[in-house]
Amino acid sequence: MHTIFITGGAGFIGSAVIRYLLQNTHHTVVNIDKLTYAGNLASLDSIQHHTNYHFEQVDICDREKIAQLFSHYQPDAVMHLAAESHVDRSIDKPSDFIQTNIIGTYTLLEISREYYSQLLPEKKSQFRFHHISTDEVFGDLEDSAKLFTEQTAYSPNSPYSASKAASDHLVQAWGETYGLPVVISNCSNNYGPFQFPEKLIPLMILNALHGKTLPIYGKGDQIRDWLFVEDHAKALYRVLTQGKIGEHYNIGGWNEKTNIEVVQAICQLLNIAKKEGKLTAYSDYIKDIEDFSSLIQFVTDRPGHDKRYAIDASKIKIELGWQPEEIFETGLAKTVDWYLENTHWWQPILEQRYAGQRLGVDNI
Ligand code: NAD
Ligand code: DAU
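Residues numbered from 1 in each chain as written. Chains lettered and ligands numbered in written order. Predicted model: local features only at pLDDT ≥ 70, side-chain atom pairs only at ≥ 80, totals over all residues. Heavy atoms only, no water.

Asks: Quick question: what am I supposed to make of the overall build of the protein here?
Replies: Counting its secondary structure elements, the protein contains 13 helices and twelve strands. For the protein, the C-alpha atoms occupy an extent of roughly 70 × 45 × 40 Å along the three principal directions. Considering only residue pairs separated by 6 or more positions, the protein has 81% of its internal contacts joining residues 24 or more positions apart. For the protein, the exposed surface amounts to about 15,700 Å²; the carbon and sulfur share of it is 49%. Here the protein contributes 32 positive and 46 negative side-chain charges, whose respective centroids are spaced 1 Å apart. (Helix = DSSP H or I, 4+ residues; strand = E, 2+ residues; numbered from the N terminus. Contact = heavy atoms within 4.5 Å. Areas by Shrake-Rupley, 256 points an atom, 1.4 Å probe, with all protein chains shown as cover. Lys, Arg positive; Asp, Glu negative; His and termini not counted. Charge placed at Lys NZ, Arg CZ, Asp CG, Glu CD.)

Written as structure tokens, this is what we have:
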């Protein structure tokens with residue numbers, strides 16, 4: 001039984017990790033989240049009264065408050081997920097990404113280092129700082145025969161990926177220089193329930209339900225490797241508990257798709273749902289739509305758009321025995337169903353936080 005700090009636990013992946021930990025382990029979880037536009041405590045409704053769950057609304061850049069949390073809870077591990085995570089927003093306003101992803105990670109590392117240095121030997125030997133990062137740090141994978149491995153050189157192209165690359169380097173340096181027991185994982189594109197509707201899959205589902213166009217950047221031929229978020233949560237726990245100190249682990253779905261393939265697959269699922277009478281609540285918007293793919297519209301490309309990401313996830317399979325369980329077809333169907341059944345989760349977001357407008361082009 002340990003106490004685990006989860007930063008960014010009110011976000012998409014962090015909330016999946018918290019639900020996984022509280023449903024499958026006996027650990028105590030402390031969720032540290034600033035609650036930015038992307039943070040949503042409604043994603044944790046199912047566990048909010050769990051006796052092993054605590055929530056602290058704190059900015060990871062706030063050194064004093066973070067130090068107080070370490071002193072109060074005496075954590076055995078930190079799983080660091082808090083970040084600004086959307087590439088298009090990083091093009092519009094990079095400063096938030098520099099602040100949270102770089103300064104915030106630095107602040108957490110410094111407090112962790114001070115805390116770790118004072119631990120007694122037994123607790124010290126168990127402590128881990130797990131940094132959760134992205135495959136975007138490796139940049140564009142032009143050679144279609146290649147995959148990102150743990151040895152691939154960093155080559156980030158967006159303000160988001162550059163800030164995440166910087167944070168990875170800081171974590172690595174704190175491990176090497178100060179002996180902080182760190183482990184880093186780099187994952188591909190996640191999808192699933194509770195994802196904020198600025199990201200491709202939920203945006204397309206919700207736009208389609210409202211009869212709005214489905215904006216595909218460029219030609220839609222960019223490739224991403226998609227992983228169901230609950231598989232990622234399991235992989236992260238495996239890395240935390242069994243990963244070797246100082247190591248990097250790539251996490252991916254072995255599931256490369258072009259963006260247009262993903263959007264076409266969503267349209268097919270919605271066509272079936274409409275035929276089955278599951279979309280009657282949206283009939284004002286979609287009564288004349290026979291095929292949702294008629295809503296697809298090709299729009300100006302994302303600036304600096306990486307063409308392809310693809311993860312080689314052999315190391316985590318061979319060394320830690322993790323591999324994805326969900327296949328894309330069933331995972332996507334579950335995701336579409338979840339958005340159909342959870343209007344109460346996304347409706348307030350569309351009304352109060354983000355109405356689906358194009359991001360990432362105004363600043364160019
Ligand atoms: P998200 O945007 O859904 O959630 C981020 C969370 O961090 C939010 O709850 C937000 O309130 C919180 N946060 C932001 N700034 C903060 C600050 N200064 N202090 C405290 N909390 C703060 O992000 P996500 O998609 O869940 O991603 C989580 C992590 O996983 C990120 O580090 C991201 O880089 C990484 N990642 C994401 C994906 C993906 O496909 N979504 C893939 C690989 C890696
Ligand atoms: O690869 C991991 C990364 O995946 C994570 O580190 C990021 O946090 C996460 O946001 C995601 O980044 P992407 O930029 O790949 O995700 P996004 O959902 O924004 O876009 C996926 C692809 O779809 C990308 O090629 C851009 C394209 N796209 C996106 C939107 C929002 C469109 O064509 N139209 C859209 O409206």
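Once you've had a look at it, read on.
Asks: Quick question: what am I supposed to make of the nonpolar core here?
Replies: It is characteristic of soluble globular proteins that their nonpolar side chains tend to be buried jointly. One finds Ile6, Val17, Met79, Ile251 and Ile316 to be the most contacted residues of the largest nonpolar core, which totals 41 residues. When contributions to this core are tallied by element, the ones reaching two or more residues are strand E1 (3–7), helix H1 (12–24), strand E4 (77–80), strand E6 (182–187), helix H8 (229–242), strand E10 (248–251) and helix H11 (314–320). In this structure Val17 touches Ile6, Met79, Leu81, Ala233 and Leu236, once residues within four positions along its chain are discounted. Of all hydrophobic cores here, the second largest spans 39 residues; its members include Ile205, Leu209, Leu279 and Trp346. (Core = buried A, V, L, I, M, F, W, Y, C linked by side-chain atoms within 4.5 Å. Buried < 20%, exposed > 50% of the residue type's maximum accessible area, 1.4 Å probe, protein only.)

Asks: For this particular structure, what's the right way to read unusual backbone geometry?
Replies: If a residue is not glycine, its phi is most likely negative; likewise, a peptide bond is most likely trans. Residue Leu35 is not a glycine yet carries a positive backbone phi of 60°. Assignment of secondary structure puts Leu35 in the loop between strand E2 (28–32) and strand E3 (53–56). What makes Leu35 partly exposed here is its relative accessible area of 26%. With phi around 50°, Gln74 is a residue other than glycine that occupies positive phi space. Along the polypeptide, Gln74 turns up in the loop between helix H2 (63–73) and E4. Take Gln74: its relative accessible area is 36%, and that puts it in the partly exposed class.

Asks: Mind showing me how you'd approach the site of ligand 2 here?
Replies: Every one of the 23 residues lining ligand 2 counts as a neighbour, but Thr134, Asp135, Tyr160, Arg302 and His305 are closest to it. One nitrogen or oxygen atom from the main chain of Leu200 is found 2.8 Å from an oxygen atom belonging to ligand 2. Within the side chain of Arg224, one N or O atom sits 2.9 Å away from an oxygen atom of ligand 2. The protein chains hide 94% of the 690 Å² of surface that ligand 2 would expose on its own. Every element with two or more residues in the shell around ligand 2 is listed here: helix H7 (200–209) and strand E8 (214–217). For the shell around ligand 2, the residue count by class is ten nonpolar, seven polar and six charged. (Near = heavy atom within 4 Å. Polar contact = N/O pair within 3.5 Å; in protein donor to acceptor, adjacent residues only side chain to side chain. Nonpolar A, V, L, I, M, F, W, Y, C, P; charged D, E, K, R; others polar.)

Asks: When you look at the sheet that holds strand E9 (residues 223–228) in this model, what are you seeing that I'm missing?
Replies: Whenever strands of a sheet pair, they do so through backbone hydrogen bonds, lying parallel or antiparallel. What the three strands build is an open sheet, ordered E7-E9-E11; its pairing is mixed. Two strands lie at the open edges of the sheet, namely strand E7 (189–191) and strand E11 (256–258), each paired on one side alone. Averaged over all neighbouring strand pairs, the angle between strand axes comes to 50°, with direction disregarded. In this sheet, E11 lies alongside E9 in antiparallel orientation, the contact comprising three bridges. (Pairing = 2+ DSSP bridges. Axes fitted to C-alpha atoms, helices over the stretch in contact; angles between N-to-C directions.)

Asks: Hey, could you run me through the packing of aromatic side chains in this one?
Replies: The description of an aromatic ring pair rests on the distance of the ring centres and on the angle between the ring planes. Evaluation of the coordinates by the stated rule reveals 22 aromatic pairs. Note on Phe138 and Phe148: the rings are 4.9 Å apart at their centroids and 35° apart in plane angle, and the pair reads as tilted. On the criterion of sequence distance, the pair formed by Phe138 in the loop between strand E5 (128–134) and helix H6 (159–178) and Phe148 in the loop between E5 and H6 is long-range, its members being ten residues apart. We note that Phe138, like Phe148, is buried. (Phe/Tyr/Trp six-rings, centres within 6.5 Å; stacked < 30°, edge-to-face > 60°.)

Asks: Looking at this model, I keep getting lost on helix H13 (residues 343–352). Mind explaining?
Replies: Because the α-helix completes a turn every 3.6 residues, residues three or four places apart line up on one side. All of the buried residues along H13 are Trp345, Trp346 and Ile349. For H13, the arc enclosing every buried residue in end-on projection is 70°, short of the 170-degree limit, so these residues lie on one face. When the buried face of H13 is taken as reference, the exposed residues oriented beyond 90 degrees from it are His344, Glu351 and Gln352. (Arc of directions from axis to C-beta.)

Asks: Is there a simple way to think about the side chain of Asn342 in this case?
Replies: Examined against the element boundaries, Asn342 turns out to sit in the loop between helix H12 (328–341) and H13. Within the structure, Asn342 has its side chain in polar contact with the backbone oxygen of Trp338 (distance 2.8 Å).

Asks: Looking at this structure, I do not really get the pairing of E10. What am I missing?
Replies: On a regular strand, each side chain points to the face opposite its neighbour's, so the side chains alternate between the two faces of the sheet. Burial along E10 is two-sided: the face carrying His248 and Asn250 and the face carrying Tyr249 and Ile251 are both buried. Here E6 pairs with E10 via four bridges, running parallel. Within E10, the position partnered with Ser185 by the bridge is Tyr249.

Asks: Where do I start with the site of ligand 1 in this structure?
Replies: Residues in contact with ligand 1 amount to 28 residues; listed here are only the nearest, Ile13, Asp33, Ser85, Tyr160 and Lys164. Here Thr100 contributes a side-chain N or O atom positioned 3.0 Å from a nitrogen atom of ligand 1. Contacts to ligand 1 include Lys164, whose side-chain N or O atom sits 2.6 Å from an oxygen atom. When ligand 1 is considered free in solution it has 830 Å² of accessible area, and contact with the protein chains removes 97% of it. Looking at the shell around ligand 1, the elements that each hand over two or more residues are H1, E5, H6 and E7. For the shell around ligand 1, the leading source of residues is E5, giving three residues. For the shell around ligand 1, the class distribution of residues is 13 nonpolar, eleven polar and four charged.

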